[in-house]
Amino acid sequence: MKYPGIKSFDVSSGRLKAIISGIRWSDIVVVGGGELVQDVSSLLYSPYNLLPLFLAALFRKRAFAWAVGIGQGRELAPLTPLLTRIALKACDGITVRDRGSFNVLHQLGFREPDMILTADCALTLSDEFYTVEKSNLLGAAPRDVSNRSRKILPLELRKKLKSYEEPDPLPAADAWAELLDKHVERHDSKIILFPFHTGSLSNDDYEFCDLIMSRMIRASSVKIADPSKPDEFIKLISECRVLVTTPLHGAIMSVATGTVPVSVSYASKCTRFMEQAELQDYAPAGEAGIPGKAAIAAIEKAWVNSENISARMAPIRNQLVQRAEKTAEHFKGLFGI
């Protein structure tokens with residue numbers, strides 16, 4: 001076992017069975033997630049993520065919401081705020097990772113000191129990654145977000161149905177390929193593609209990276225990072241001068257390692273983080289997950305001014321790290337750990 005002392009529950013007989021077994025076994029139920037609730041990828045996403053809190057209340061277990069993000073506005077279905085309010089009432093404590101999420105829960109009746117505004121815990125990566133010298137590398141973390149279409153069923157179940165029709169990924173892949181080819185031509189740089197998510201629960205980032213690489217003229221300048229080797233994966237991010245990213249945690253890990261992020265956003269959580277890091281100029285508007293002219297201009301600006309931007313990021317990063325550490329402090333204080 002990679003992590004001795006940690007009990008795991010087999011999901012091969014069904015995720016619901018594993019969740020119930022885990023909650024009955026536990027003393028404290030902890031829920032987390034970049035977006036604990038949102039209804040864009042599936043209308044069952046929020047109820048599924050909130051289920052452990054309803055079960056915690058049923059089995060009389062203590063509970064904690066760990067640095068969660070909450071969807072905004074149209075990202076939430078009409079009944080989701082009510083479900084969220086009922087479910088989070090089961091929590092002894094809540095920490096949220098951005099002001100927008102805090103405001104939504106505040107409107108639902110949650111208050112300090114039970115609820116605390118913190119920051120994403122990934123920002124607390126070891127400082128050894130922050131001190132890595134930058135190279136003439138452009139990182140790119142693309143994602144096919146065509147599955148976010150407010151369907152009832154999640155993507156994994158839709159794929160199992162014979163009636164499911166996969167959206168064509170080529171237009172998005174070609175936009176990424178064109179962007180990366182032009183950057184190599186302009187700056188004679190190398191490209192590293194970062195697949196943050198692999199597996200069946202969403203579109204596979206590795207497959208999308210491989211497709212983009214196959215569409216590039218200058219594919220010999222590209223390599224794909226291995227997400228199964230997390231230390232190497234993060235070190236490669238830290239070596240990049242700029243990382244253009246669709247996944248939120250591409251931007252978060254860029255700030256954590258001193259690399260300048262450019263966000264090709266697909267959800268409000270991405271733009272909220274860029275505002276939190278005072279990098280909103282590098283979150284250009286455009287089609288979700290597809291880089292356009294504004295993204296190309298933002299990457300060029302970030303590339304030319306990367307040293308100055310990185311220097312300005314440093315004190316903001318330190319503030320965010322201090323805020324991120326408050327989640328563990330709040331958890332330990334509540335439960336006497």
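These numbers were taken from a predicted model, which means no experiment stands behind them.

Caption draft 1: Examining the pattern of salt bridges more closely. Per the stated rule, a full pass over the model turns up 11 salt bridges. Asp127 is the partner of Arg317 in a salt bridge, and the nearest nitrogen-oxygen pair spans 2.8 Å. Of this pair, Arg317 sits in helix H13 (residues 306-324) while Asp127 sits in helix H5 (residues 127-130), and the two are 190 residues apart along the sequence. Its relative accessible area of 4% is what places Arg317 among the buried residues. A salt bridge links Glu300 to Arg186; the shortest N-O distance between them is 3.4 Å. With Glu300 in helix H12 (residues 293-304) and Arg186 in helix H7 (residues 170-187), the pair connects residues that are 114 residues apart, well separated along the chain. Residue class for Arg186 comes out partly exposed when judged on its relative accessible area of 42%.

Caption draft 2: Representation of the sheet that holds strand S5 (residues 137-141) within the structure. Taking strand neighbours across the sheet as the criterion, the five strands line up as S7-S6-S5-S8-S9 in an open arrangement whose pairing is parallel. The outermost strands of the open sheet, each flanked by one partner alone, are strand S7 (222-224) and strand S9 (260-263). The mean angle between the axes of side-by-side strands here comes to 20°, regardless of whether they run parallel or antiparallel. The sheet contact formed by S5 and strand S6 (residues 190-193) spans four bridges and is parallel. Opposite Ala140, over in S6, you have Leu193 as the bridge partner. Its contacts with the sheet place H12 against S5, strand S8 (242-245) and S9, and it is angled at close to 175° to S9.

Caption draft 3: Region of the structure containing the packing of aromatic side chains. Counting across every chain of the model gives eight aromatic pairs. Aromatic pair Phe64 and Phe335: ring centres 6.2 Å apart, planes at 70°, arrangement edge-to-face. Remark: Phe335 occurs in helix H14 (residues 326-335) and Phe64 occurs in strand S2 (residues 62-68); sequence separation between them is 271 residues. According to the relative accessible area criterion, Phe335 is buried, its value standing at 13%. Aromatic side chains Trp66 and Phe331 sit 5.4 Å apart centroid to centroid with 65° between the ring planes, which places their arrangement in the edge-to-face category. Linking Trp66 in strand S2 with Phe331 in helix H14, this pair joins segments that are 265 residues apart in sequence. On the accessibility criterion, Phe331 (13% relative accessible area) is buried. Aromatic rings pair up to connect Phe64, Trp66, Phe331 and Phe335 into one cluster. Just above the ring of Tyr130 sits the side chain of Arg317; from NZ or CZ to the centre is 4.0 Å.

Caption draft 4: Just the packing of helix H2 (residues 45-58) against helix H3 (residues 80-88), in detail. Direction vectors running N to C along H2 and H3 enclose 20°, while the axes themselves pass 9 Å from each other. Taken together, the axes of H2 and H3 are roughly parallel relative to one another. With respect to the hand of their crossing, H2 and H3 are arranged in left-handed fashion. In this structure, H2 contributes Ser46, Pro47, Leu50, Leu53 and Phe54 to the contact, and H3 contributes Thr80, Leu83, Thr84, Ile86, Ala87 and Leu88. Partitioned by chemical class, the residues of the contact of H2 with H3 number eight nonpolar, three polar and no charged.

About the cut-offs
Residues numbered from 1 in each chain as written. Predicted model: local features only at pLDDT ≥ 70, side-chain atom pairs only at ≥ 80, totals over all residues. Heavy atoms only, no water. Salt bridge = Lys/Arg side-chain N within 4 Å of Asp/Glu carboxyl O. Helix = DSSP H or I, 4+ residues; strand = E, 2+ residues; numbered from the N terminus. Buried < 20%, exposed > 50% of the residue type's maximum accessible area, 1.4 Å probe, protein only. Pairing = 2+ DSSP bridges. Axes fitted to C-alpha atoms, helices over the stretch in contact; angles between N-to-C directions. Contact = heavy atoms within 4.5 Å. Phe/Tyr/Trp six-rings, centres within 6.5 Å; stacked < 30°, edge-to-face > 60°. Lys NZ or Arg CZ within 6 Å of the ring centre and 35° of its normal. Parallel < 35°, antiparallel > 145°, perpendicular 65-115°, else oblique. Left-handed = near helix turned anticlockwise from the far one by under 90°. Nonpolar A, V, L, I, M, F, W, Y, C, P; charged D, E, K, R; others polar.

In short, geometric facts, not functional conclusions.
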